[in-house]
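One-letter residues, chain by chain:
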Amino acid sequence: AYLRSLAYALCTAFLCLFLGYPFAYAIARSSPAVRPALLMMVMLPFWTSFLLRVYAWKGILADQGVINNALMAVGLIDAPIVMLYTDVSMLVGMTYVYLPFMVLPLYATLVKMDFRLLEAAHDLGAGPWKAFWLITVPLSKAGIISGAMLVFIPSVGEFVIPSLLGGAENIMIGRVVWDEMFSSNNWPRASALAIAMIVGVVMPLAWYNQRVTRKAEQELSA
């Protein structure tokens, strides 16, 4: 369950980065007059209950849900596609819920970027993609790491989404802790599992923080 939780968390962080980076970049490059409205659209889901948003995906992905009914109505499929209680439903739900946590740190980093550097790269002969990989991505590294951490850490211990959208075999560590605590009444084991999960998440963070601090000290001494 712990390894499965790490795998789901990594996939969720990757999907959020893949979908969130274009959004954050577009907001950062947009006119200052429309940025507040675009940021409001990113934060709009927070105005609705987390539980209600997850339940909404059950209605969308169900066998008789919105997607299957629409596909059958236009004649693309003859029988419903099984999407609920699968890996797909898990990743869709987790990506949807945690996507704003990736977009906002990326935007905060990209909006401070001097876009004249891209113009200079184009003047020196770099194409759009080469300038993006050599300039934009390295300068947004802090936002990428911050967003990945904000998505990865809560995803590891996620309980609600696996319970509502995941199947019987999609058991994550949060569900195991819940079962040990409230079903088996084995609080010592539940506590041990929770501490192991916390240590597994905190150690990489501590290593990264130490590495960043050491690099900053080396730059200051130089």
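The structure under discussion appears in the preceding block.
This report concerns the structure included in the present document.

About the criteria used
- Residues numbered from 1 in each chain as written.
- Predicted model: local features only at pLDDT ≥ 70, side-chain atom pairs only at ≥ 80, totals over all residues.
- Heavy atoms only, no water.
- Axes fitted to C-alpha atoms, helices over the stretch in contact; angles between N-to-C directions.
- Helix = DSSP H or I, 4+ residues; strand = E, 2+ residues; numbered from the N terminus.
- Parallel < 35°, antiparallel > 145°, perpendicular 65-115°, else oblique.
- Contact = heavy atoms within 4.5 Å.
- Nonpolar A, V, L, I, M, F, W, Y, C, P; charged D, E, K, R; others polar.
- Buried < 20%, exposed > 50% of the residue type's maximum accessible area, 1.4 Å probe, protein only.
- Polar contact = N/O pair within 3.5 Å; in protein donor to acceptor, adjacent residues only side chain to side chain.
- Expected span 1.5 Å × (residues − 1).
- Bend = angle between axes of the 7 residues up to and from the residue.
- Phe/Tyr/Trp six-rings, centres within 6.5 Å; stacked < 30°, edge-to-face > 60°.

With that settled, the discussion passes to the packing of helix α2 (residues 35-43) against helix α5 (residues 87-110). Where α2 contacts α5, the two axes come as close as 9 Å, and the packing angle between them is 155 degrees. When the axis of α2 is compared with that of α5, the two are roughly antiparallel. Two secondary-structure elements touch here, α2 through Arg 35, Leu 39, Val 42 and Met 43 and α5 through Pro 100, Val 103, Leu 104 and Tyr 107. Of the residues assigned to the contact of α2 with α5, the class counts are seven nonpolar, no polar and one charged.

Here the focus is the side chain of Ser 5. Mapped onto the fold, Ser 5 is located in helix α1 (residues 2-29). For Ser 5, a relative accessible area of 0% translates into the label buried. Here Ile 173 takes part through its backbone nitrogen, which lies 2.7 Å from a polar atom of the side chain of Ser 5. When near neighbours in sequence (up to four residues on either side) are disregarded, Ser 5 contacts Val 156, Met 172 and Ile 173.

Time to look at α5. Compared with the 34 Å implied by 1.5 Å per residue over 24 residues, the 32 Å span of α5 between its first and last C-alpha is a close match. Bending of α5 peaks at approximately 45 degrees at the position of Tyr 98, with proline Pro 100 no more than four residues after it. For α5, the buried fraction is high: 17 of the 24 residues fall into the buried class.

This structure, assessed with the given rule, holds 10 aromatic pairs. The interplanar angle of 20 degrees and the centroid separation of 6.5 Å between the aromatic rings of Phe 14 and Phe 18 together place this pair among those described as stacked. Pair noted here: Phe 14 and Phe 18 are both in helix α1, with a separation of four residues, about one helical turn. One exposure class covers both Phe 14 and Phe 18, and it is exposed. Ring plane angle 65 degrees and centroid distance 5.6 Å describe the contact between Trp 57 and Tyr 96, whose orientation is recorded as edge-to-face. Note that Trp 57 is positioned in helix α3 (residues 50-61) and Tyr 96 in helix α5, a separation of 39 residues in sequence. For Tyr 96, a relative accessible area of 31% gives the class partly exposed. Ring pairing ties together the aromatic residues Tyr 21, Tyr 25, Phe 115, Trp 129, Phe 132 and Trp 133, which thus form one cluster.

Function cannot be read off these values alone, since they describe shape.
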